[in-house]
Amino acid sequence: MTASGSRRRSGFAEDRRGAEQRNAPSDAPWRDVSRRLAAALEAALSTFAAGVLAVLLVLVLGSVALRYLFSTGLVGAEEAGLWLFLLLVSLGMPLAASGPLAMRLDLVARRLPQRLRLPAGMAADGVTVVAGLTLVAGGTDAAGLMGSTSVVLGLPDWLRPAALAVGGGLLIALLLLRRTAEGLGLSVLLSVLIGAGVYALPVDYAISWPPSLVALLLAGIGLLLGAPLAHCLLAATALAVPFGSVLPVPALVTNAASGLSRFLLLAIPFFLLAGGLLTVSGAAERLVRLAASLVGHRRAGLAQTTLLTSLLFSGASGSSVANAAFGAGTFYPQLVKNGYPPAQAGAVIAATSVLDNVIPPSIAFLLLAAATDLSVGALLLGGAYAGLVMAACLAVAIHLVHRGTDPMPRATGQERRRAFLAALSALGLVLVVVGGIRIGLVTPTEAAALAAGYALLLAVAHRSGRASLWSTFRQSAVEAAAIGLLIGAAAPMTFLLAVDDMAGMVTGFVTSLGGQAVVVLLLCNLVLLAAGLVLDIGAAILLLAPILLASAVAAGIDPVVFGVILVVNLMIGGLTPPVGILIFVVSGLTGVEARKLFRAVTPYLAALLVALLLLCLAALVL
Amino acid sequence: RSASARTTALAVASLLGDDKPETKVWRRIEARLEERLPGRFRFRIVTNGALGGEKDVADGARLGSIQASLSTVSTLSAWVPELQLLDLPFLFRDADHLRRVVSGPIGDGLKQRLAENGFVVPDFIDYGARHLLAKEAVTRPDQLQGKTMRVIQSPLHTKLWSAFGAVPVGIPITETYNALATGVADAMDLTASAYAGFKLFEVVPYLTKTAHIRSSGVIFFAESFWNSLTEDERAIVTEVSAEAALYFNALMEQDEAESLELAQANGETVLLPEALSAWQEGARTVWTAFEEIVGGPQVIETVRTTA
Ligand code: NA
Ligand code: NA
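Residues numbered from 1 in each chain as written. Chains lettered and ligands numbered in written order. Predicted model: local features only at pLDDT ≥ 70, side-chain atom pairs only at ≥ 80, totals over all residues. Heavy atoms only, no water.

(A) The arrangement of the overall build of chain B in detail. Scanning chain B from terminus to terminus reveals 13 helices and 9 strands. A globule of 307 residues ought to have a C-alpha radius of gyration of about 19 Å, and chain B, at 20 Å, matches this closely. Taken over the C-alpha atoms alone, chain B extends approximately 65 × 45 × 30 Å along its principal axes. Within chain B, buried positions represent 55% of all 307 residues. Relative to all contacts within chain B whose residues are 6 or more apart in sequence, the contacts with residues 24 or more apart total 75%. Split by element, the accessible area of chain B, about 12000 Å² in all, is 50% carbon and sulfur. Computed over 30 positive and 40 negative side-chain charges, the inter-centroid distance for chain B is 3 Å. (Helix = DSSP H or I, 4+ residues; strand = E, 2+ residues; numbered from the N terminus. Rg over C-alpha atoms; globule rule 2.2 N^0.38 Å. Buried < 20%, exposed > 50% of the residue type's maximum accessible area, 1.4 Å probe, protein only. Contact = heavy atoms within 4.5 Å. Areas by Shrake-Rupley, 256 points an atom, 1.4 Å probe, with all protein chains shown as cover. Lys, Arg positive; Asp, Glu negative; His and termini not counted. Charge placed at Lys NZ, Arg CZ, Asp CG, Glu CD.)

Shown next as structure tokens:
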């Protein structure tokens, strides 16, 4: 995904560079120095972050090994893991501010007339500056106020907000360097001034709106300006303080820190790593050959192969984004070579990558479990069924859409056997993850670490170069930091929503409509589909799940079944404009315009909605 | 305008739902304060842990986002390590023993230390005794040898179960059911009411009434909130909270009895520990390891000999 990030620069920066070059003479020496400094900073940060990820992996694998080989535990391993993850997020957050990882809603910014783009871009940078200042100032103050010592690690707790403060400072520093390198030195200085001014506004606004609503509105404005989603959430909750928010800025920062300090969430970097290493090791390609030997001879054989491979890949990886990136790298050239129009090929890849976050293991379910205290095991089992239903619906849609394409020759029994044997090592990963959890050898987080360790062994056995291994670690570390920052940034917003009792209000509203399960389910689906239009999957889960789950449980719907429906619903949002992360990733890697992909993916969207309908019917019957 | 200016809003965090003692105690405090000081406070009691776990809530109290809550002493020992005295295993004989200790000079000293760290504590509370829960019957400590034990992340707990030869593994409470069901862990310890609350009797059918640790806690108010009260108001809040602490203890005791009944109705086997001296011997290693932290061996001796 970082690969796509570097290839695909954020929209307005390019537009603005064009505008700037026409208006101002180039100040080349400054720009050159800034460019080199930015590159050096980025390289240092990604190396550090990758190192932290490697230590994290050793830590979790080490504690499993100690338990089974030496019958002893590692005191404080979990807490040490959480501190390392926080460090990873702090180091990686400046890197995740550009590219698809930033989760910018740049469709509005792109539609603006040329003369408005520069101011809009400056305002968006201003949002990033406010977020960075919030972390710097709040983190520093919180560090001075905490006063506690981790009983387990014996380290002072102030280190945690301090890490976020450093991350915030680096975020602003890298923004300054990048924009200066782009020739936007003056406008970024203006952004900093605006941001600092807004941050320091000494106003006490006496309005009667709930502070959480104000914060949501502010975040929405930031999103429309094209600022990164996580920055919008942080900036909005900080700016809600004068509107009566109960969360002072230092508390906001510790809140963000504890939001991402949940042991389950440690599985995220490991699943990202496993997905990346699976591709590097060539194991993913062996999965492709197996799938091709099984379904390649059917109508639209290669598209069906894409689907089946995605399904197999899903069993080992927990990230739809990794799946989409893998599909775009492996299948896209093949599909186009075999006569699929580019947009059609990209649409198949984006749509089938949805499965990854539904079929266990799944980062979406980990987030849901962390946000709602539902059991991961139960959710994953539900996800397995849901994923199969979705895959079946997608298979039918592919069959109907691609009437004209030629099938591939049917594989012989021997070829199938050979493909199966070659793919065994990759299928073993599925066994490690799903089996490890279900047989009871390991917790989900440990299973994720085992998966990453196993994939690392595959990669080493495959003689993948040290450079490509290391770059996979860096890539996964930055992706994990982006997701982690989003989780942290959503925590203060959920705090405000909880204090204003939004869940109670929503439940009350739903009950006033009669409160039958059908009505509740229908309403929730509408809310979720609408949220999926503009919100990232992770943020939507963290913000909405606790609120909607309360209504669903009150209406007598099984919380786990509802959780599965919620995730499926939001995953569909990954394919819809304006924010469709899966479309963006595929677009970034293949060069097909997002606009065309959104159109081509429509039949698959319809198929997934049919799957959603089936799941909802099942929820009502069960 | 002047009336509303004197109304102070409090965000109060509760980890559990409306029907649990953890929330009921705050509804009681809210109601009693409304009688004594009408219109003075506006409570926002946020339930089900929506404002975060215990440590997050305690951080929030210091940083000004949360004004009051309950907390176990384990969590607050991040600020006041001496509090671990109350967590020492097999030190407290029963609820009355604990109550006498926290009501005496030792309790006053701990309250003082908490106040110095920003937590104003009107009174201590008692969550009930922690018992041993296992997939197989365990009545003697040697039966724990080599078993995987789910523990909370605390050196005190880890040390205790290691002393009996168990392998401690840290698992979040929400994943504990799965871990025990699948066999990642063979045993754990918990209070009876939490045990029933998480329906753990489905996966750990043997409860041994070891009562090794009395899980104690406090009702606390944030210093910043406390400083906004007049001397008279502080006296009233203290009085109301102290009364609520006893109410909480009574609710908890009742909840404990009901939980044990519920568990037994669900096929749970309740056992009594054997070889009590062997259990206590293991616990002594924890006392020794923590005696300097809790204020010296004489403090432990004072507690032990408190009538
Ligand atoms: Na998956
Ligand atoms: Na969308």
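That shown, we press on.
(B) Region of interest: the overall build of chain A. The helix and strand tally for chain A stands at 28 helices and 0 strands. Whereas a compact globule of 622 residues would reach a radius of gyration of roughly 25 Å, chain A reaches 24 Å, a difference of no more than 12%. For chain A, the residues scored as buried account for 60% of the 622 residues in total. Here the contacts in chain A between residues at least 6 apart in sequence split such that 82% fall between residues at least 24 apart. Looking at chain A as shown, the accessible area adds up to about 22700 Å², and 69% of this sits on carbon and sulfur atoms. With 36 positive and 26 negative side-chain charges, chain A shows a separation of 13 Å between the mean positions of the two kinds.

(C) How the structure looks around unusual backbone geometry. Residues and elements named next belong to chain B. Positive phi, close to 55 degrees, is recorded for F90, a residue that is not glycine. Among the structural elements, F90 can be located in the loop between α4 (73-76) and α5 (95-103). Using a relative accessible area of 13% as the deciding quantity, one classes F90 as buried. Residue A275 is not a glycine yet carries a positive backbone phi of 50 degrees. Tracing the chain through its elements places A275 in the loop between β9 (269-271) and α12 (276-290).

(D) Highlighting the packing of aromatic side chains. Residues and elements named next belong to chain B. In the structure shown here, the tally under the stated rule is 12 aromatic pairs over all chains. Relative to W226, the ring of F221 lies with its centre 5.8 Å away and its plane at 35 degrees, an arrangement referred to as tilted. Joined through ring pairs, the aromatic side chains of W26, F41, F43, F221, F225 and W226 make up one cluster. A cation over an aromatic ring shows up here: R28 above the ring of Y247, its NZ or CZ 3.7 Å from the ring centre. (Phe/Tyr/Trp six-rings, centres within 6.5 Å; stacked < 30°, edge-to-face > 60°. Lys NZ or Arg CZ within 6 Å of the ring centre and 35° of its normal.)

(E) Expanded view of the interface of chain B and chain A. Each partner contributes to the interface: chain B provides 33 residues, whereas chain A provides 44 residues. For the pair chain B and chain A, the summed buried surface comes to about 3000 Å²; carbon and sulfur atoms form 60% of the total. Summed over the shared surface of chain B and chain A, the result is 1 salt bridge. At the boundary of chain B with chain A, the tally comes to 7 residue pairs in polar contact (both at pLDDT 80 or more). Elements represented by at least two residues in the side of chain B that touches chain A include exactly β2 (41-46), α3 (54-63), α7 (155-163), β6 (167-170) and α8 (173-182) of chain B. Sorting elements by how many residues they give to the side of chain B that touches chain A places α3(B) first, with 5 residues. Taken together, the residues of the side of chain B that touches chain A break down into 14 nonpolar, 13 polar and 6 charged. (Buried area = accessible area lost by both parts, 1.4 Å probe. Salt bridge = Lys/Arg side-chain N within 4 Å of Asp/Glu carboxyl O. Polar contact = N/O pair within 3.5 Å; in protein donor to acceptor, adjacent residues only side chain to side chain. Nonpolar A, V, L, I, M, F, W, Y, C, P; charged D, E, K, R; others polar.)

(F) Here's a closer look at the side chain of S281(A). Residues and elements named next belong to chain A. Along the polypeptide, S281 turns up in the loop between α12 (267-280) and α13 (283-295). Overall, the relative accessible area of 1% leaves S281 in the buried class. Excluding anything up to four places from it in sequence, S281 contacts R286, A455, L458, A459, H462 and S464.

(G) Inspection of the pattern of salt bridges at higher detail. Taken as a whole, this structure holds 24 salt bridges over all chains when the rule is applied. The closest approach of N and O atoms between D142(B) and R140(B), which form a salt bridge, is 3.4 Å. By relative accessible area, which is 49% here, D142(B) ends up partly exposed. Between R234(B) and E231(B) there is a salt bridge; the shortest N-O distance is 3.7 Å. Linking R234(B) with E231(B), this pair stays in helix α11 (residues 231-265), spanning 3 residues, or about one helical turn. For E231(B), a relative accessible area of 59% corresponds to the exposed category. Sharing partners across several salt bridges, the network here consists of D32(A), R35(A) and R36(A).

(H) Representation of the pairing of β2(B) within the structure. Relative to β2(B), strand β1 (residues 8-13) of chain B is paired through 6 bridges, and the arrangement is parallel. Following the sheet pairing, A9(B) is matched in β2(B) by R42(B). (Pairing = 2+ DSSP bridges.)

(I) Representation of the pairing of strand β5 (residues 148-151) of chain B within the structure. All names here are of chain B. Neither face of β5 is exposed, since T148 and R150 on one face and M149 and V151 on the opposite face are all buried. Judged from the 4 bridges that link them, β5 and β6 form a sheet pairing that is parallel. Residue pairing for β6: R150 is matched across the bridge by V169. The handedness of the β5 to β6 crossover, carried by α7, is right-handed. (Right-handed = clockwise from strand over helix to strand, strands pointing away.)

(J) A look at the packing of helix α14 (residues 301-314) of chain A against helix α16 (residues 342-353) of chain A. Residues and elements named next belong to chain A. Interhelical geometry of α14 versus α16 gives an angle of 25 degrees and a closest axis separation of 9 Å. Classified by the interaxial angle, the pair formed by α14 and α16 is roughly parallel. Of the two possible hands of crossing, α14 and α16 adopt the one that is right-handed. Where α14 approaches α16, its residues A303, T306, L307 and S310 are matched on the opposing element by V348, I349, T352 and S353. (Axes fitted to C-alpha atoms, helices over the stretch in contact; angles between N-to-C directions. Parallel < 35°, antiparallel > 145°, perpendicular 65-115°, else oblique. Left-handed = near helix turned anticlockwise from the far one by under 90°.)

(K) Local environment of the environment of G327(A). All names here are of chain A. Tracing the backbone through its elements, the reader meets G327 in helix α15 (residues 320-337). The spacing of G327 and T279 is 48 residues in sequence and 10.0 Å in space, taken between C-alpha atoms. With residues up to four places along the chain from it excluded, the contact list for G327 reads Y332 and I349.

(L) Region of the structure containing the environment of A28(A). Summarising the element assignment, A28(A) is placed in helix α3 (residues 28-70). In sequence terms A28(A) and A165(A) are 137 residues apart; their C-alpha atoms lie 32 Å from each other.

(M) Spotlight on the state of the cysteines. Evaluated as defined, the whole model comprises 0 disulfides over all chains. Cysteine C393(A) is unpaired, with the sulfur of C616(A) as its nearest cysteine sulfur at 12 Å. (Disulfide = S-S within 2.5 Å.)

(N) Here's a closer look at the nonpolar core. Among the nonpolar cores identified, the biggest contains 252 residues, and I541(A), L575(A) and W161(B) are the most heavily contacted of them. Considering each element in turn, this core owes the most residues, 17 residues, to helix α21 (residues 466-499) of chain A. Those residues in contact with W161(B), other than ones at most four positions away along the chain, are L132(B), L144(B), M149(B), V151(B), A166(B), D189(B), H212(B) and W279(B). Among the nonpolar cores identified, the runner-up in size contains 27 residues, and L10(B), V12(B), F41(B) and L229(B) belong to it. (Core = buried A, V, L, I, M, F, W, Y, C linked by side-chain atoms within 4.5 Å.)

(O) Just the confidence of the model for chain A, in detail. Of all residues in chain A, 92% have pLDDT values of 70 or greater, and the mean over the chain is 83. Per-element confidence in chain A is highest for helix α7 (residues 159-181) of chain A, whose mean pLDDT is 95, and lowest for helix α1 (residues 2-7) of chain A, whose mean pLDDT is 33. (pLDDT = per-residue confidence, 0-100.)

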